[in-house]
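Notes for the structure review
What follows is each chain in one-letter form.
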Amino acid sequence: MSSTKNILITGGSGFLGPMLAAKLLQDPSYNVVLTDLRTPPQPSNVPTTAPLTLHPADLTTQSDITNLLSLRPSWHAIFLFHGIMSVGCEENPTLSTKVNLDATTAVLSSISSLPQETKPRIVYASTQAVYGPPYTASGPITDDTPATPVGVYGTHKLIMESHINDLHRRGLIDALALRLPTVTVRPGAPSRSAAAWISGIVREPMAGLECEIPIEDRASRQMVCSPRVMIENFVRVMNAPSEIMPAHIRAVYMPGISVTLGEMYEAVEKVCGKEKLGLLKTVRNEEFERLLASWPREAKFGNAERMGLVFDESCEQVFREYVDGLKA
């Protein structure tokens with residue numbers, strides 16, 4: 001029997017998929033397929049000789065899903081990272097329904113029908129936007145906090161979480177849904193997220209560009225984590241025993257740290273230099289403010305700690321990892 005572990009990652013042209021592929025490919029036992037609507041680019045730091053396949057697939061088309069899953073005789077794990085981001089969902093709920101709901105449902109159905117003896121571990125990227133008022137304004141989020149989203153993005157992600165819970169409970173799949181805090185710093189172009197500025201607050205000044213901050217309250221809080229920590233935790237979740245969570249409760253709020261806007265400014269000054277603060281401009285955006293204010297401000301991570309997941313230390317450390325990466 002082959003010891004090769006085949007891994008499929010959707011949303012392969014995005015932020016986290018290529019980073020996860022690079023991490024996994026450090027282990028010679030993994031064979032990775034990255035997929036997106038168009039052929040994903042070769043991830044940085046991954047040689048072209050690595051056991052990596054870059055494959056285009058339209059997940060809104062059943063024939064493409066079937067062809068994609070047939071690329072390997074069996075799958076060890078499947079990471080579902082594709083989707084429309086928060087602002088894009090608010091602007092086009094119909095597209096969010098097509099991609100975030102219908103396409104994901106079709107992919108899950110096809111995975112459940114795979115003719116392989118052992119079910120692949122499915123890791124579904126959900127979001128902290130499933131949380132909302134009044135709970136996000138009344139104290140730390142806990143494992144028992146109800147999900148009350150106030151946006152299309154969070155609502156559609158919560159619908160998929162419930163569907164995953166039911167499929168797992170019925171024994172049709174082996175899955176965990178991960179509620180991601182804001183992962184920063186994201187390289188490249190800004191995403192279609194209300195939280196895109198949390199990466200831009202470092203990325204743009206370091207590139208000599210202005211960053212527009214859509215909120216002005218320096219005491220406002222956001223939950224953030226570094227890409228390094230998130231990628232490490234993805235691998236740990238992939239390898240976690242299925243019974244780590246109840247059969248009908250598969251969602252886990254992933255580790256993040258609570259950071260104020262004021263602390264972000266202080267970290268930018270320490271890491272990037274005081275002169276970079278002049279490139280930060282407050283340009284209020286009421287829709288962004290509404291969404292950001294509805295997300296968690298603080299949290300207690302009981303399930304994540306029990307699963308042995310790792311945490312960042314501080315905002316300064318998160319920003320410094322990005323800046324040090326630029327220097328390297």
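Calculation notes
Residues numbered from 1 in each chain as written. Predicted model: local features only at pLDDT ≥ 70, side-chain atom pairs only at ≥ 80, totals over all residues. Heavy atoms only, no water. Helix = DSSP H or I, 4+ residues; strand = E, 2+ residues; numbered from the N terminus. Rg over C-alpha atoms; globule rule 2.2 N^0.38 Å. Buried < 20%, exposed > 50% of the residue type's maximum accessible area, 1.4 Å probe, protein only. Contact = heavy atoms within 4.5 Å. Areas by Shrake-Rupley, 256 points an atom, 1.4 Å probe, with all protein chains shown as cover. Lys, Arg positive; Asp, Glu negative; His and termini not counted. Charge placed at Lys NZ, Arg CZ, Asp CG, Glu CD. Pairing = 2+ DSSP bridges. Phe/Tyr/Trp six-rings, centres within 6.5 Å; stacked < 30°, edge-to-face > 60°. Lys NZ or Arg CZ within 6 Å of the ring centre and 35° of its normal. Axes fitted to C-alpha atoms, helices over the stretch in contact; angles between N-to-C directions. Core = buried A, V, L, I, M, F, W, Y, C linked by side-chain atoms within 4.5 Å. UniProt positions renumbered as here; feature names shortened; annotations may be inferred. Right-handed = clockwise from strand over helix to strand, strands pointing away.

In the nomenclature of an unreviewed UniProt entry, the protein corresponds to NAD-dependent epimerase/dehydratase domain-containing protein from the organism Pseudopithomyces chartarum.

1. Focus on the overall build of the protein
Across its full length, the protein holds eleven helices and twelve strands. Computed over its C-alpha atoms, the radius of gyration of the protein comes to 19 Å, within 12% of the 20 Å expected for a compact globule of 328 residues. Considered along the principal axes of its C-alpha atoms, the protein spans approximately 60 × 45 × 40 Å. Counting over 328 residues, the protein shows a buried share of 53%. Taking as baseline every contact in the protein between residues at least 6 positions apart, the subset at least 24 positions apart corresponds to 76%. About 14,300 Å² of surface is accessible on the protein, with carbon and sulfur atoms providing 51% of the total. Averaged over its 30 positive side-chain charges, the protein has a centre that lies 3 Å from the centre of its 34 negative ones.

2. Remarks on the sheet that holds strand β7 (residues 182-183)
On the basis of which strands lie adjacent, the open sheet formed by three strands has the order β7-β9-β11 and mixed pairing. The sheet is open, and its two edges are formed by β7 and β11 (257-260), each paired on a single side. Both strand β9 (residues 221-225) and β11 contribute to a ladder of four bridges, which runs antiparallel. The residue of β11 that forms the bridge with Arg-221 is Thr-260.

3. A word on the packing of aromatic side chains
Tallied over the entire structure, the rule returns six aromatic pairs. Here the aromatic rings of Phe-81 and Phe-234 are separated by 5.0 Å at their centres, their planes lie at 35°, and the arrangement is tilted. Placement of Phe-81 in the loop between β4 (77-80) and α3 (86-91) and of Phe-234 in helix α7 (residues 227-239) is noted, with a sequence separation of 153 residues between them. Each residue in the set Tyr-131, Tyr-253, Phe-301 and Phe-311 is aromatic and connected to the rest through ring pairs, giving one cluster. A cation sits over an aromatic face here: Arg-218 above Tyr-265, 3.7 Å from the ring centre.

4. Some thoughts on the sheet that holds strand β5 (residues 121-127)
Across the sheet, which stays open at both edges, the seven strands sit in the order β3-β2-β1-β4-β5-β6-β10 with parallel pairing between neighbours. Either end of the sheet is taken by a strand with one partner, and the two such strands are β3 (52-56) and β10 (251-253). Sheet twist, expressed as the mean angle between neighbouring strand axes with direction ignored, is 20°. Summarising the sheet, strand β6 (residues 174-180) and β10 pair through three bridges and their orientation is parallel. Looking at β10, one finds that Leu-178 is bridged to Val-252. Here helix α1 (residues 16-24) sits on the sheet in contact with β1 (5-9), β2 (30-36), β4 and β6, set at roughly 170° to β2. Where helix α4 (residues 93-112) meets the sheet, it contacts β4 and β5, and its direction lies at approximately 175° from that of β4.

5. A closer look at the environment of Glu-243
Note that Glu-243 resides in the loop between α7 and β10. For Glu-243 and Met-19, which are 224 residues apart along the polypeptide, the C-alpha to C-alpha distance reads 27 Å.

6. So, the nonpolar core
Counting 45 residues, the largest nonpolar core has Ile-7, Ile-9, Leu-16, Leu-20, Phe-79, Leu-178 and Phe-234 as the members making the most contacts within it. Excluding its chain neighbours within four sequence positions, the residues that come into contact with Leu-178 are Val-123, Tyr-124, Ala-125, Ser-126, Thr-127, Phe-234, Val-237, Val-252 and Met-254. Counting 36 residues, the second largest nonpolar core, distinct from the first, contains Val-87, Ala-195, Ala-267 and Tyr-322.

7. A look at the environment of Ser-96
Within the secondary structure, Ser-96 sits in helix α4. Sequence separation of Ser-96 and Ser-86 is ten residues, and the distance between their C-alpha atoms is 9.3 Å. If near-sequence neighbours (up to four positions away) are discounted, Ser-96 is found in contact with Ile-84, Cys-89, Leu-101, Val-152 and His-156.

8. So, the UniProt feature "domain: NAD-dependent epimerase/dehydratase" (unreviewed entry) in the protein
Following the UniProt record, the feature "domain: NAD-dependent epimerase/dehydratase" (unreviewed entry) maps to residues 7-203 here. Structurally, residues 7-203 is divided into 35% helix and 18% strand, and its ends, taken at the C-alpha atoms, are 30 Å apart.

9. A word on the pairing of β1
In terms of residue burial, β1 counts as a mostly covered element, since four of its five residues are buried. Pairing geometry for β1 and β4, over three bridges, is parallel. The partner of Leu-8 across the bridge, within β4, is Ile-78.

10. Thoughts on the pairing of β6
The element β6 is extensively covered by neighbouring structure, given that seven of its seven residues are classed as buried. Burial of the side chains of β6 extends over both faces: Asp-174, Leu-176, Leu-178 and Leu-180 are buried on one face and Ala-175, Ala-177 and Arg-179 on the other. Pairing between β5 and β6: seven bridges, direction parallel. Note that in β6 the partner of Arg-121 across the bridge is Asp-174. In terms of handedness, the path from β5 via helix α5 (residues 152-169) over to β6 forms a crossover that is right-handed.

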